[in-house]
Amino acid sequence: MPSMEEYAKQPRDARIQRLTRTADELAAAVKGQSDAVLSRRPDEKNWAAKEVVCHLRDAEEGFTTRFEQILAMDVDPKLAGPSADRMAEERQYLRNDAAEALAAFRKRRQETVAFFGTLIPAQWDKGAIHPVRGRITLDGFLTLMAWHDDNHLDQLTRALQGRA
Amino acid sequence: MDFYEWVRHLSWVRHLTIHGMPFSYYARLNRAQQAVYRKSDEITEVRLAQPAVLHPAVAALGTALATEDRAQVQRATERLIRGLTETLGVPPVQVEVLAARPHAKWGELHGLYTVERGKTPKIQLWMRTAKQRRVVAFRTYLRTLLHEVGHHLDYALLRLRDSFHTEGFYKRESSLFHQLVAERRAPGSSVEAWFHRPPDERLAHIAATPDEVAHALEGRSARALARRPAAAAWAPVEVVCHLRDAEETFGERFAAILSMDEPVLPEVGPADRWAAERQYLRHDAATALAHFRRRRGESLETLVAASPVDWQRGGEHRTRGRLTIDMLVAIMAWHDDNHLEQLTRALEGRS
């Protein structure tokens, strides 16, 4: 699994290609798994497989919302801190249907890839201030998303095996 | 120990507020007491000269209850009661907020007003239910508070020799309540109308919404809450989930406006897409309400802490133009009304 630094060195197209594969990879991983298995947390704190899928769906919306803000502003917007666990609790991920969540993620991801396709070179350098990571450009976000996908696919595989 | 034994045990107790207990004092009163009763019954309201002055204290009480912290509720309760006694020009009263309500077969004790010769009168209020130890709903707590203040006013303001639970007494309690809490406007009230109402009134209004939603959902089955009145109209549970997620967005907008100089406020949703993607129909309504309540409490904390200058700070919204915090609070009040109305319709099977 490439690190963030390794992804950053990859051509933009390769990183975008990585994003286009994720929905299928998720579908392959959850195929044939019962709702009970998809809903099983490996331990009290770690997410079940379906929570990982829901997280990717909602994170995708979060990413594109921020991208629109970055493009619309003359200065770098300040982003809020991460709240993934709170979202999992509040949006009741464990009650979701994993297949529906995956379909929604697939659609959001297609929109993200289409959005990246519309960017002109100067726009890739526009950015935002992340509370933990500091300034991130849109190009940096593409890197982050590629790594984020890998990270959560790995987490999902572990969850299906009952590992935290 | 039954109720009456308990009352005798607390021989110094003058007035008890036991919800659900019938009051049939009149026939058992002597003639002098009956005269006091009739006088109490004739007075149906207590007017506050400038109720809006007390609205921040009411909003702060809602916020304090949302934190579930007894010390904060104590301070907020003292502030409101002191405001009431000062506004009405009556002597102060001692205030004590306690945790779980005492209870027995007869019910739960919500509040208590006691007077002892030579001592400052005292109001005691319990902020948690007896068995489940849940924090009492804001409107219920405020009603109890005003009820106990009502006993104090009977002696200190109306100069009655006793304080009975008459119809007039309850009307006075209600008159105070309605001056302190902005009631829901008829559906169709516009954002502009809300914008022209004082900020304190808007805050009090939005502080009451979680309780109103709770009241609307009370006793409904999960099946009824997930029933859409028409194919394209939301079920009750979807309305609650929408309020919860919209509150998250309001919170993000406040944070963006307060941390940046005129930020762009990104478009979110649309709401129907959220309902479908986040699978609102599968959610548990009570849990969604609890999370909406928590988010609303956080919004109120932010808004109460923000200065008047902060309230005029704003951001640019693509379709609505510049939105200040002041305007967003008006939008919240309107949005609450709109969706409470939708919730009521959905519960009645109307789209």
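Since this is a predicted model, take the numbers as computed values, not measurements. (Residues numbered from 1 in each chain as written. Chains lettered and ligands numbered in written order. Predicted model: local features only at pLDDT ≥ 70, side-chain atom pairs only at ≥ 80, totals over all residues. Heavy atoms only, no water.)

## Re the confidence of the model for chain B
Looking at chain B as a whole, its pLDDT mean stands at 86, while 90% of the residues score no less than 70. Of the regions scoring below 50 in pLDDT, residues 1-23 of chain B engages in 45 contacts with residues more than four places distant in sequence or in other chains. (pLDDT = per-residue confidence, 0-100. Contact = heavy atoms within 4.5 Å.)

## Some details on the pairing of strand E1 (residues 127-130) of chain A
Sheet topology places E1 of chain A next to strand E2 (residues 134-137) of chain A; four bridges connect them, and they run antiparallel. Of the residues in E2 of chain A, the one forming a bridge with Ala 128 of chain A is Ile 136 of chain A. (Pairing = 2+ DSSP bridges. Helix = DSSP H or I, 4+ residues; strand = E, 2+ residues; numbered from the N terminus.)

## Digging into the interface of chain B and chain A
Between chain B and chain A, the contact holds 27 residues from the first and 26 residues from the second. Interface area lost by chain B to chain A is led by Glu 277, Arg 278 and Arg 282 of chain B, which between them contribute 23%. Arg 294 of chain B is paired through a salt bridge with Glu 89 of chain A; the nearest N and O atoms lie 3.3 Å apart. Put simply, the parts of the chain that give the side of chain B that touches chain A at least two residues each are helix H10 (236-259), helix H11 (271-277) and helix H12 (285-305) of chain B. Of the residues forming the side of chain B that touches chain A, the biggest block, six residues, is contributed by H12 of chain B. Residues belonging to the side of chain B that touches chain A are distributed by class as follows: seven nonpolar, six polar and 14 charged. (Buried area = accessible area lost by both parts, 1.4 Å probe. Salt bridge = Lys/Arg side-chain N within 4 Å of Asp/Glu carboxyl O. Nonpolar A, V, L, I, M, F, W, Y, C, P; charged D, E, K, R; others polar.)

## Some remarks on the packing of H10 of chain B against H12 of chain B
Residues and elements named next belong to chain B. Taken N-terminus to C-terminus, the directions of H10 and H12 make an angle of 25°; their axes are 9 Å apart at the nearest point. As far as their axial angle goes, H12 and H10 are roughly parallel. Taken as a pair, H10 and H12 cross one another with a handedness that is left-handed. Facing Val 237, Val 240, Cys 241, Leu 243, Arg 244, Glu 247, Glu 248, Phe 254 and Leu 258 of H10, the residues of H12 in contact are Ala 285, Ala 288, Leu 289, His 291, Phe 292, Arg 295, Arg 296, Ser 299, Thr 302 and Leu 303. (Axes fitted to C-alpha atoms, helices over the stretch in contact; angles between N-to-C directions. Parallel < 35°, antiparallel > 145°, perpendicular 65-115°, else oblique. Left-handed = near helix turned anticlockwise from the far one by under 90°.)

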